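One-letter residues, chain by chain:
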Amino acid sequence: MDIIKSVTEMQQRAVSARTAGQTISFVPTMGFLHQGHLSLLEEGRRRGDLLVLSIFVNPTQFGPGEDLDVYPRDLEQDSQLAQQADVDIIFAPDAKDIYPPGYATYVNVEGISEPLCGSSRPGHFRGICTVVSKLFNIIQPQVAIFGNKDFQQLAVIKRMTLDMNLPVEILGLPIFREADGLAMSSRNVYLTQDQRKQALVLSQSLATAKELVGAGELDCAAIIAQLKKNIAQQPDARIDYVQICHQLTLEDQIRVDADSVLLLAVFIGKTRLIDNSHLVTFCEITNND
Ligand code: AMP
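Residues numbered from 1 in each chain as written. Predicted model: local features only at pLDDT ≥ 70, side-chain atom pairs only at ≥ 80, totals over all residues. Heavy atoms only, no water.

1. Some words on the domain arrangement of the protein
Along its sequence, the protein is carved into domain 1 (2-173) and domain 2 (191-288). In this structure, domain 1 and domain 2 have C-alpha centres spaced 27 Å apart. If you look at the interface, domain 1 gives twelve residues, while domain 2 gives 14 residues. Across the domain 1/domain 2 interface, buried area totals approximately 1,100 Å², and carbon plus sulfur atoms make up 68% of it. Counting across the interface, domain 1 meets domain 2 through four residue pairs in polar contact (both at pLDDT 80 or more). Elements supplying a minimum of two residues to the side of domain 1 that touches domain 2: α5 (117-120) and α7 (151-163). (Domains from an automatic or database assignment. Contact = heavy atoms within 4.5 Å. Buried area = accessible area lost by both parts, 1.4 Å probe. Polar contact = N/O pair within 3.5 Å; in protein donor to acceptor, adjacent residues only side chain to side chain. Helix = DSSP H or I, 4+ residues; strand = E, 2+ residues; numbered from the N terminus.)

2. Topic: the nonpolar core
In this structure, Val52 and Ile139 are the most contacted members of the largest nonpolar core, which totals 43 residues. No other element matches the nine residues that helix α6 (residues 124-139) contributes to this core. Looking at this core, you find at least three residues from each of domain 1 (2-173) and domain 2 (191-288). Ile139 has contacts with Met10, Ala14, Ile24, Phe26, Val52, Ser54 and Phe91, leaving out every residue within four places of it along the chain. Ranked by size, the runner-up nonpolar core spans 25 residues in total, among them Ala237, Val242, Ile244 and Val256. (Core = buried A, V, L, I, M, F, W, Y, C linked by side-chain atoms within 4.5 Å. Buried < 20%, exposed > 50% of the residue type's maximum accessible area, 1.4 Å probe, protein only.)

What follows is the structure in structure tokens.
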């Protein structure tokens, strides 16, 4: 496994691999790897001759006062995990090489990047789309693998890829969870022991919503009100958003249907956590028919 920091060297390796007829699969991350990331790498290994993992804490997707400076980093441990996952190349550039002096070009997706995280983190998706399109140009993958954990991010990247005719297949994989239901996240490390327990309110809210829907409650406002009440019972919880949206447009829905996704962003103390789930499974739809 090689660790490449240079943009030029990475691009040259990609060109050579392409010329040799190899398929490049790509997993973009901010590092501090956990099993969620590893599940993406496992699929990447299956899908590509050359598996590239990027580790880059991208400054342009963080807003003022967010956790850019304290975001957990451990390249040594990540390298060991990547090696075990049979990664071929870790691309870990410096921010000054991705955004050199004079840098002035940004990619902005309208519409679906505006609600939810886009509204509470202005500029977040502009930063993500910019860095992902640059990484696509540097690494030249045929397939790129993302997690459904960041549901809106995946939707925005699919939109960008389609709109810009980028020759990359975008795959989204299921959310990998701790045994007790908490969605794995590099940011979970910020939680104190007590906050870690309170953080379960996110996955529990998804379960509660599905139970409500299963019992016949299809009114989004009623479901959201119930969830907000539950979340507010946690002493360190502060709700950013609790919304039920159409899975493709991310527009708020009035009644739950087969396209409904529940999306949550909740601060537990200073740590902002997100989670999401579809609300209706295929079986439930056919049963209701
Ligand atoms: P991050 O390093 O947090 O920016 O995440 C890098 C990629 O891993 C993104 O595509 C995330 O959606 C994905 N990811 C993060 N957490 C999980 C998880 N618990 N399960 C599956 N994928 C995840």
